[in-house]
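# Structural characterization, general
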Amino acid sequence: MGAKQSSAHCRDKGPRSMVLLCGRQPFSPWDDSLLSGKDPRALLKRGMRHISFSLVTKGMTDIPDFLWGLSEVQKLNLSHNQLRALPPDVGKLSRLVVLNLCGNRLRSLPREISLLKSLKVLFVNMNCLTELPAELSACRSLEVLSLSHNCLSQLPASLADLSRLRKLNLSNNYFTHIPVCVFALKELDFLHVGSNRLENIAESIQCLVSLQIFIAESNNIHSFPRSLCLLTGLELLNLNNNDIQTLPDELYLLWRLGRIAWNPMDKGLHISHNPLSKPLPELVEGGLEMLFSYLKDKKHN
C-alpha cells in the first residue's frame, strides 16, 4: 500500500540522467543579479506580512552561499530542486517563519534547525528522510509540520515538546504504529497517518482532545478502537482501505461527522473498502443516521 509508494519514491531518488543543452543557458535570477553587481537583497519580496525569498524548481544541487546572509528572510521556498543536504548555515536565518523544502532529495536535517525559534511552518514532504534530529523539538513555535512521502519509521521522543503543533502529516512513510510522542501534542487538530504500515490505533489516541481531522486510510488496521469515539470534535474520520470488520457501539458519539462520506475531500465518516461484517455494509449504505441508530440500540439492548 502506502509503504510500497514510499519505497518506490525513495528508490526513484537516484541521480538523474544528464541532458546536453545546445546554446546559451539562461542565467538564474540570482546569477543575473550578482553579475550585474546588484545586492542579492534586491531579490527579496516584501509582502504585507512576510519578507520572502524563493528558489523553486531551479535544478539546484547546492544552495548559493549568499542566501545565508539574508538574515531578514521570513519565508524561504527551496522546493522542487535536487538538494541532498541542508547546510548547518540555515540556522543563521533566525527570523524564518515558513520553510519549504518539499520535493528534494534530503535524507536528514541539520541539528542547527533548532536555532529557528520563530519557525511556524515546515514542509519537508517528498524527500528521502530516514530520521529527524531530536533538536527539531527546540522549534517551539512550530504549528504545521509536513513529513509525508519520506522513508520514516519513527520520530524522536523529544517532538512531544512541540506544544503548539496543530497540523501533522506523516502519510506515505514506513510507520508500523503512531509514534508515542504524537499523543502528547494536545493542540493537534489535523493528523494524517495514511498509507503507512499501521495494524492498529493505540488507545492513547483519546489524548488528542483537539483533533478534528484524522486520516488513517490505506493501512492494515484490524479494529476500530473505542477510544477513538471519545474524540467528539472529529469532523472528518477516514479509515478507508483497511481491514476493519466491526464498528464500536459508541460510534454514535461522533455526531459531528454528520454523514457517510464518499468523496475524499468531504468531511464525515469514510469507512469504505473494509471487510465490514453484516449488517454493517447495508447500514453504511443507508447513511450515518441509520448506522448510529443501529449501534445505539445494540449498545442499550
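A brief structural summary. Nothing here was measured: the structure is a model prediction, and the numbers come from that model.

Parameters at a glance
- Residues numbered from 1 in each chain as written.
- Predicted model: local features only at pLDDT ≥ 70, side-chain atom pairs only at ≥ 80, totals over all residues.
- Heavy atoms only, no water.
- Core = buried A, V, L, I, M, F, W, Y, C linked by side-chain atoms within 4.5 Å.
- Buried < 20%, exposed > 50% of the residue type's maximum accessible area, 1.4 Å probe, protein only.
- Helix = DSSP H or I, 4+ residues; strand = E, 2+ residues; numbered from the N terminus.
- Contact = heavy atoms within 4.5 Å.
- Salt bridge = Lys/Arg side-chain N within 4 Å of Asp/Glu carboxyl O.
- Expected span 1.5 Å × (residues − 1).
- Arc of directions from axis to C-beta.
- Pairing = 2+ DSSP bridges.
- Phe/Tyr/Trp six-rings, centres within 6.5 Å; stacked < 30°, edge-to-face > 60°.
- Lys NZ or Arg CZ within 6 Å of the ring centre and 35° of its normal.
- Patch = residues over 30% accessible without salt bridge, like charges linked within 9 Å, V, L, I, M, F, W, Y side chains within 5 Å.
- Areas by Shrake-Rupley, 256 points an atom, 1.4 Å probe, with all protein chains shown as cover.
- Lys, Arg positive; Asp, Glu negative; His and termini not counted.
- Charge placed at Lys NZ, Arg CZ, Asp CG, Glu CD.

### A short note on the nonpolar core
Of all hydrophobic cores here, the largest spans 82 residues; its most connected members are Leu122, Phe214 and Leu291. Counting residues per element, this core draws most heavily on helix H4 (residues 288–300), which supplies four residues. If near-sequence neighbours (up to four positions away) are discounted, Leu122 is found in contact with Leu99, Leu101, Leu109, Ile113, Leu136, Leu142, Val144, Leu145 and Ser146.

### With respect to the side chain of Asp189
Inspection of the secondary structure puts Asp189 in the loop between strand S7 (167–169) and strand S8 (190–192). For Asp189, a relative accessible area of 14% puts it in the buried group.

### Considerations on the pattern of salt bridges
Following the criterion strictly, the structure yields nine salt bridges and no others. A salt bridge links Asp249 to Lys298; its shortest N-O distance comes to 3.0 Å. Taken together, the positions of Asp249 in the loop between strand S10 (236–238) and strand S11 (268–270) and Lys298 in helix H4 put the pair 49 residues apart, joining distant regions of the chain. Lys298 sits in the partly exposed class, given a relative accessible area of 42%. Within the structure, one salt-bridge network assembled from shared partners comprises Glu143, Arg166, Lys167 and Asp189.

### A word on H4
An ideal rise of 1.5 Å per residue puts 18 Å on 13 residues; H4 measures up with 18 Å between its terminal C-alpha atoms. Those residues of H4 not exposed but buried are Leu288, Leu291, Phe292 and Leu295. The buried residues of H4 occupy an angular sector of 95° when projected down its axis, which confines them to one face. Set apart from the buried face of H4 by more than 90 degrees, the exposed residues are Glu289 and His300. In this structure, the buried residues of H4 make contact with S11 and helix H3 (280–286).

### A closer look at the sheet that holds S8
Read from one edge to the other, the open sheet built from 11 strands follows the order S1-S2-S3-S4-S5-S6-S7-S8-S9-S10-S11, with strand pairing classed as mixed. Of all strands in the sheet, those with a lone pairing partner are strand S1 (45–46) and S11, marking the two edges. Bridging between S1 and strand S2 (residues 51–54) involves two bridges; their strand directions are antiparallel. Within S2, the residue paired with Lys45 across the bridge is Ser52.

### Points about the environment of Met60
For Met60, the location among the structural elements is in the loop between S2 and strand S3 (75–77). Taking the C-alpha atoms as reference points, Met60 and Arg84, 24 residues apart in sequence, are found 9.6 Å from one another.

### Quick notes on the packing of aromatic side chains
For the structure on display, the rule yields one aromatic pair. Note on Phe53 and Phe66: the rings are 6.2 Å apart at their centroids and 80° apart in plane angle, and the pair reads as edge-to-face. Placement of the pair is Phe53 in strand S2 and Phe66 in the loop between S2 and S3, with a sequence separation of 13 residues. Here Phe53 and Phe66 have matching classes, each one buried. Residue placement shows Arg197 over the ring face of Tyr174; its charged tip is 4.7 Å from the ring centre.

### Observations regarding the environment of Pro133
Note that Pro133 resides in the loop between strand S5 (121–123) and strand S6 (144–146). A relative accessible area of 11% places Pro133 in the buried class. Sequence spacing of Pro133 and Ser158 is 25 residues, and the spatial spacing of their C-alpha atoms is 9.3 Å. The residues contacting Pro133, other than those within four sequence positions of it, are Leu109, Pro110, Arg111, Ile113 and Pro156.

### A short note on the side chain of Ser146
Residue position: Ser146 is located in strand S6. For Ser146, a relative accessible area of 8% corresponds to the buried category. In this view, Ser146 contacts Leu122, Phe123, Val124, Asn125 and Asn169; residues no more than four positions away in its chain are not counted.

### Focus on a positive patch on the surface
Taken together, the side chains of Arg49, Lys75, Lys120 and Arg164 present a region of like positive charge at the surface. Along the chain, Lys75 turns up in strand S3.

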